[in-house]
Amino acid sequence: MHGVATSYNPSPDRTVAASATAVTLALAALGVDAETPGAVRDALAARERELAGRLLPPTVVGWGTGTPPALDALPEGTRLLVRTEQGETRVSAAGLPPGVHRVRATAPDGRTGEAHLIVAPPRLPAPPARSYGLLVQLYSLLSRRSWGMGDLADLGELAAWAGRALGAGFVQINPLHAAVPGTPTDPSPYRPSSRRFPDPVHLRIEDVPEFAYVPVGAGAGKAAEGGARPGDPMADLLRRAAELREAVLDRGALIDRDAVWATKKAALEAVVDGVPLGPGRHAAYCDFLAEQGQALEDHATWCALAEVHGPDWHGWPAGLRDPRSPETARARRELMARVDFHSRLAWLTDTQLRAAQHAAREAGMPLGIVHDLAVGVHPGGSDAWAQQDTLPAGMSVGAPPDAFNARGQDWGLPPWRPDRLAACGYAPFRALLRALFRYAGALRIDHVMGLFRLWWVPLGQPPTEGTYVRYDAEAMLAVLVLEASRAGAVVIGEDLGTVEPGVREALRARGVYGTSVLWFERAWEGDRRPLPPETWRADCLATVTTHDLPPTASRLTGEHVELRDGLGLLTRPLSEERAEAAADTAEWLDLLTELGLLHGPGGPVGPGGPGTGGAVTTEEEARVQAVHRYLLRTPARMIGVWLPDGVGDRRPQNLPGTWDEYPNWRLPIADARGRPMTLEDLTASPRLHALLDVVRTRTGRPAGGAVEP
């Protein structure tokens, strides 16, 4: 009755009872007492009375122009009053425009009910044509102009080059959500402080218009915080930025996000403190503040308070733990300069994000930048503080035990409360999507199955002691389709791993693409052989690998097994793991040869493609090209190329199951020998050009030729 599962199916033929403790605690987090048999009886009776007396649920969903089923089912003679999002008043729910409306129903017996009425298009349109694109972790993409990690100007440059020179249709990146500050900062882009607002660490400082007018000597008090030497503070910061960049590119250092942010923050403080906005820029900033409203004020307030009291709001003075308390209002006034500073950074970052998307579309990309939505937020961060009314206390999202992880997973991310989402018409989810679609041509949704259900793990319990809690998938999908259609954007769901029956079908029916990774596309319930390419689904983003998997060269050579063995991550003897990996690779190579996709090494390749001179194709490069030819044999409408694969990088960007043992989320893109490569090096790489020449010949759009933004 409350969407809390009492059992689950780890496989079609197996049912496991959920932990009684998990069920009881999940219900408690939803405001339902189930501690004793008597409490259970009372809670059931109360819920039954509520449902029996309710004329309308809190949120009603309609697809297209027809009357929503929930309204069709009302007692005969019920009168409706609809207040549309566009400001109209109607007495019928038929033919409503897309939007989130309010409906009031009055039954003949005098009962009344009000609900949010979400009307969405029946489905999202497909991408305009088959296309290929590049997949990259933005921080790993350093140019000779970036400050120690890839930034939004680097993203714009990559997109402009890939679109104009190589006919690419998109660039997919990691989440750029605001991180939780700290020393050290959690480098994972999938555990952010806020999903609603981006992180200003990605700013290109020189592209902030006011930067050029910073007076000499400005920011002297701040420069020391970034570790600058005495002298002209801004010149010192620029030297520090160069040192950070050269340390990564030339001296083998890891990306140091904290040092990058300290340097950029000092520079931004000098800009904000020393250069007033011009009239036009000030008007644009004011428009942004008005448009973002309370959400931005909350986020900027949290950032200012975190500078004073630390990054976890649970440890703040009691009054400040409530974003609506008088103490918080007073602190906001006292810290107004810092609140404005963080608001300004949100605006600057939003501006550069939209500039990157504009550059991509101007370069001819039909989609442009594909952004990534993490599944949740850090419990101590900005969103968790501001949205306490929609997040259950003492709960974390994770995954149950499965064939890949017998202990289950706890991701440390608080879920949304489905009841509170429904009660407010999914307003937080709508606002989140609308913010991301401001600058996204497409959106990848991490763990898209979370629109249907999430594995809730009670605080202090192991992941095995969790249970599934269900969401109103119709409403979640309606909001997603509504906001994406308004933005003209594509949606890609990351639906890898355990997916309950019906989920992929429901997503497909609404035009949401899936994710297919070559190594996982096997007949798991049959002979377990690789699926023939023609049997793959068309409505997906097809890739060879991802940021959480070994790069293709590493997998083909078996080096990924050696890496895991060196870190103590293997659960079986090394000889068994090696043999299994070798057999897997051999099976794929045999299939590629059988299909005529594995072309022999030795052909000359260059920036203009095969036959133009340059380096000679090696056996490894030939195999990497072959697996991408396999993707091209599938009907997949989107083909993704992991950018590090184009230059032979061996190292995964993230190695699940590790923390300090491996430098997750801190590696620059490198060549086959582990030497970091700049953006400029990448765009001149014969090996990368040869791979992309293979892909672009079969994806429908030649290089050059812009499309209308």
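These figures come from a predicted structure and were not determined experimentally.

About the criteria used
Residues numbered from 1 in each chain as written. Predicted model: local features only at pLDDT ≥ 70, side-chain atom pairs only at ≥ 80, totals over all residues. Heavy atoms only, no water. Phe/Tyr/Trp six-rings, centres within 6.5 Å; stacked < 30°, edge-to-face > 60°. Helix = DSSP H or I, 4+ residues; strand = E, 2+ residues; numbered from the N terminus. Buried < 20%, exposed > 50% of the residue type's maximum accessible area, 1.4 Å probe, protein only. Lys NZ or Arg CZ within 6 Å of the ring centre and 35° of its normal. Contact = heavy atoms within 4.5 Å. pLDDT = per-residue confidence, 0-100. Pairing = 2+ DSSP bridges. Axes fitted to C-alpha atoms, helices over the stretch in contact; angles between N-to-C directions. Core = buried A, V, L, I, M, F, W, Y, C linked by side-chain atoms within 4.5 Å. Patch = residues over 30% accessible without salt bridge, like charges linked within 9 Å, V, L, I, M, F, W, Y side chains within 5 Å. Areas by Shrake-Rupley, 256 points an atom, 1.4 Å probe, with all protein chains shown as cover. Salt bridge = Lys/Arg side-chain N within 4 Å of Asp/Glu carboxyl O. Expected span 1.5 Å × (residues − 1).

Enumeration according to the criterion identifies eleven aromatic pairs in this entry. Between W455 and Y468, the aromatic rings sit 5.0 Å apart at their centres with planes inclined by 75°, giving edge-to-face as the arrangement. Pair noted here: W455 is in strand β16 (residues 453–458) and Y468 is in strand β17 (residues 467–470), with a separation of 13 residues, a long-range link. Neither W455 nor Y468 differs from the other in exposure class; each is buried. One aromatic cluster is present, built from ring pairs that chain together W519, W536, W588 and Y630. Seen from the ring of Y285, R344 lies directly overhead, with NZ or CZ sitting 5.4 Å from the centre. It is R453 that lies over the ring of Y468; its NZ or CZ is 3.6 Å from the centre.

We now examine the side chain of T634. The residue T634 is located in the loop between α19 (619–633) and β23 (638–642) in this model. Among the residues examined, T634 registers a relative accessible area of 3% and is labelled buried. Among all residues touching T634, those that are not within four sequence positions of it are R130, P533, W536 and I639.

Detail in the predicted coordinates should be disregarded across regions flagged by low pLDDT. Looking at the protein as a whole, its pLDDT mean stands at 93, while 94% of the residues score no less than 70. Scored below 50 in pLDDT, residues 603–614 shows 27 contacts in the model against residues more than four places distant or in partner chains.

As summarised here, the arrangement of the eight strands in space is β18-β15-β12-β9-β8-β23-β20-β19, forming an open sheet in which the pairing is parallel. If you trace the sheet from one side to the other, it starts and ends with β18 (490–493) and β19 (514–517), each paired once. When the angles between neighbouring strand axes are averaged without regard to direction, this sheet yields 25°. Where strand β15 (residues 442–445) meets β18, four bridges bridge the pair, whose relative direction is parallel. By the bridge assignment, R444 is partnered in β18 with I492.

With that settled, the discussion passes to the nonpolar core. Grouped together as the largest cluster of nonpolar side chains are 124 residues, with contacts concentrated most on Y132, L134, L158, V171, W456 and L643. The contact partners of L134, leaving out residues within four places of it in the chain, are L158, W161, A162, F170, V171, Q172, V641, L643 and L692. Judged by nonpolar contacts, the second largest core, of 26 residues, contains L203, A266, A346 and L348.

Here the focus is a nonpolar patch on the surface. Together, M1, V40, L44 and L51 line one region of the surface with nonpolar side chains, adding up to about 320 Å² of accessible area. Inspection of the secondary structure puts V40 in helix α2 (residues 37–53).

This part is about helix α8 (residues 279–309). The first and last C-alpha atoms of α8 sit only 35 Å apart over 31 residues, clearly below the 45 Å expected at 1.5 Å per residue. Where α8 terminates, the next one or two residues include G310, which has phi positive at roughly 100°.

Once that is clear, we can look at the sheet that holds strand β4 (residues 79–83). As a general point, the strands of a sheet are linked pairwise by backbone hydrogen bonds and lie either parallel or antiparallel. An order of β3-β7-β6-β4-β5 is seen for the five strands of this open sheet, with the pairing classed as mixed. Each having just a single partner strand, β3 (59–63) and β5 (89–90) make up the two edges of the open sheet.

On to the environment of A179, then. Checked against the element boundaries, A179 lands in the loop between β10 (177–178) and β11 (194–198). On the accessibility criterion, A179 (18% relative accessible area) is buried. Between the C-alpha atom of A179 and that of T515, which follows or precedes it by 336 residues, the distance is 26 Å. Residues within four places of A179 in sequence aside, it is in contact with T185, S193, D199 and R257.

The next point concerns unusual backbone geometry. Note the cis peptide between T183 and P184, where omega equals -5°. Among the secondary structure elements, P184 is positioned in the loop between β10 and β11. Even without a glycine there, the phi angle at Y426 is positive, about 60°. You can see Y426 is positioned in the loop between α12 (418–423) and α13 (427–436). The class of Y426 is buried, set by a relative accessible area of 2%. We note that H447 has phi near 50°; this positive angle belongs to a residue other than glycine.

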